[in-house]
Amino acid sequence: MKKKWLIISLSIVLVLIVTIVTLSFTLFTVQEISVNFRTSTTAEYSNEEIIASSGLKKGKNIFFLKKQPAINNIEKAHPYLEVVNIETSFPSKLTIHLREREGFYAIQSQEGYLIVDHSLKVLERVESFEVNRTSPILFTISSQDESVSSAQVGDFLNFKLLSAFYDAMLLNGRSRPESLSLVKEISYFESENEIFHNSELGLKLTLFSGREVYIHNGAYALAYKLAKFFAVESRLHQLAPDLSDEIIKNSEIHINNYIGSDVSEKECYFYLVFNGEKVTI
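This one's a predicted model, so the numbers in the text were calculated from it and none came from an experiment.

Caption draft 1: Structural context of the environment of Lys 204. Take Lys 204: it is sitting in strand S9 (residues 199-207). For Lys 204 and Tyr 214, which are ten residues apart along the polypeptide, the C-alpha to C-alpha distance reads 4.6 Å. If we ignore the near neighbours within four places in the chain, the residues touching Lys 204 are Glu 185, Ile 186, Ser 187, Phe 189, Glu 212, Val 213 and Tyr 214.

Here it is in structure tokens:
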């Protein structure tokens, strides 16, 4: 009796295995691949070319499909495209969800300019570049960076403050178009912290209005400091009622985070510089 039940059990297991294997090579194979754009696009893209560049093939087992190589293939072949995800719809459909990357910085190099998005992925290299209120923000570096000169389309650059600046602007309610229409040029600068007497790396912003803004120690509380700048600039006449319109309009605004007994309350977060000299408020 036990032998009979053993045979029946083994037969059931065998039938299940055969069924699963059969389904995996018939029902659960890729039969349809589609493309879906999550954003509007500025260029025309061929769905067939995108699918072909992915390396995804029909007839492959949907359970054992490796998606990351397909994502890498698409983004390498189409630098301006970002794969949001590849969705699996059982039993046999794949949908490639995409969005178009947009240039946020133009980084000057020896051979022209690198157009990069907010994540600092190199989208293209151009020989000439003209700044306007809808173009990427120009980023200039004082000395040629090896990572810039050797960068290829599709590479990611490592300028942490630039990545942080985009996120900080979003946290201050400034969208990409608003950021581009406000900031003309951005660069790094070094300054000495008067409290701790150490060198800090900051961001210098040149606005389309002509105003220069210095965000000291950009690695610390950047979003907070930008919020301070927006608040200060909009209230300069109230904060410095004794200054002339010329000084208020043309002064550099320096945003810092000094905390110490030898620094006034106002200077704990901002001060002005006019014609190279610190302005007394």
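Caption draft 2: Local environment of the pattern of salt bridges. Considering all chains together, one arrives at seven salt bridges under this definition. Between Glu 233 and Arg 211 there is a salt bridge, and its shortest N-O distance comes to 3.2 Å. With Glu 233 in helix H7 (residues 222-234) and Arg 211 in the loop between S9 and strand S10 (212-215), the pair connects residues that are 22 residues apart, well separated along the chain. Judged by relative accessible area, Glu 233 falls into the partly exposed class, the value being 27%. Taking relative accessible area as the criterion, Arg 211 reaches 8% and is therefore assigned buried. Salt bridges sharing common partners tie together Glu 75, Arg 101 and Asp 117.

Caption draft 3: Examining the side chain of Arg 176 more closely. Tracing the chain through its elements places Arg 176 in helix H6 (residues 176-182). Accessibility expressed as a relative area gives 18% for Arg 176, which makes it buried.

Caption draft 4: Examining helix H3 (residues 67-77) more closely. For H3, every residue scored as buried is listed here: Ala 70, Ile 71, Ile 74 and Glu 75. For H3, the arc enclosing every buried residue in end-on projection is 125 degrees, short of the 170-degree limit, so these residues lie on one face. Where the residues of H3 are buried, they touch helix H2 (47-54), strand S2 (81-89) and strand S3 (93-100).

Caption draft 5: Representation of the pairing of strand S4 (residues 105-109). Among the five residues that make up S4, four are buried, leaving the element largely enclosed by the rest of the structure. Two strands pair when backbone bridges link them, and S4 and strand S5 (residues 112-116) are joined in this way by five bridges, in the antiparallel orientation. Each bridged residue has a counterpart across the sheet, and for Gln 108 the counterpart in S5 is Tyr 113. Linking S4 to S5, which pair antiparallel, is a turn of two residues. Sheet topology note: the S4/strand S7 (residues 137-140) ladder contains three bridges and is parallel. Directly across from Ile 107, in S7, lies its bridge partner Phe 139.

Caption draft 6: Expanded view of the sheet that holds S2. Read from one edge to the other, the open sheet built from three strands follows the order S1-S3-S2, with strand pairing classed as mixed. In this open sheet, the two edge strands, each paired with only one partner strand, are strand S1 (32-37) and S2. Going from strand to strand, the sheet's axes swing by 20 degrees on average, the running direction of each strand aside. Note: S1 against S3, six bridges, orientation parallel. For Asn 36, the partnering residue across the bridge sits in S3 and is His 97. Along the sheet face, H3 touches S2 and S3 and points at about 150 degrees away from the line of S2.

The rules behind the values
In this convention, every chain numbers its residues from 1, walking through the sequence in written order. At least 70 in pLDDT is required for a residue's local features to be given in this predicted model, at least 80 for side-chain atom pairs to be given and counted, and no such filter applies to totals for whole chains, interfaces and linings, which use all residues. Processing note: side-chain calculations cover all non-hydrogen atoms of the structure and skip hydrogens and water entirely. Segments assigned H or I by DSSP are reported as helices when at least four residues long, segments assigned E as strands when at least two residues long, and all are numbered from the N terminus. Here, residues are in contact when the closest pair of their heavy atoms is within 4.5 Å. Any carboxyl oxygen of Asp or Glu within 4 Å of a side-chain nitrogen of Lys or Arg constitutes a salt bridge here. Accessible area is worked out with a 1.4 Å probe on protein chains only. A residue is then buried under 20% of its type maximum, exposed over 50%, and partly exposed in between. It is the directions from the helix axis to the C-beta atoms that the arc portrays. Pairs of strands are assigned from DSSP output, requiring at least two bridges between the strands. To obtain an axis, a line is fitted to C-alpha atoms, over the contacting stretch when the element is a helix, and the angle between two such axes runs from 0 to 180 degrees between their N-to-C directions.

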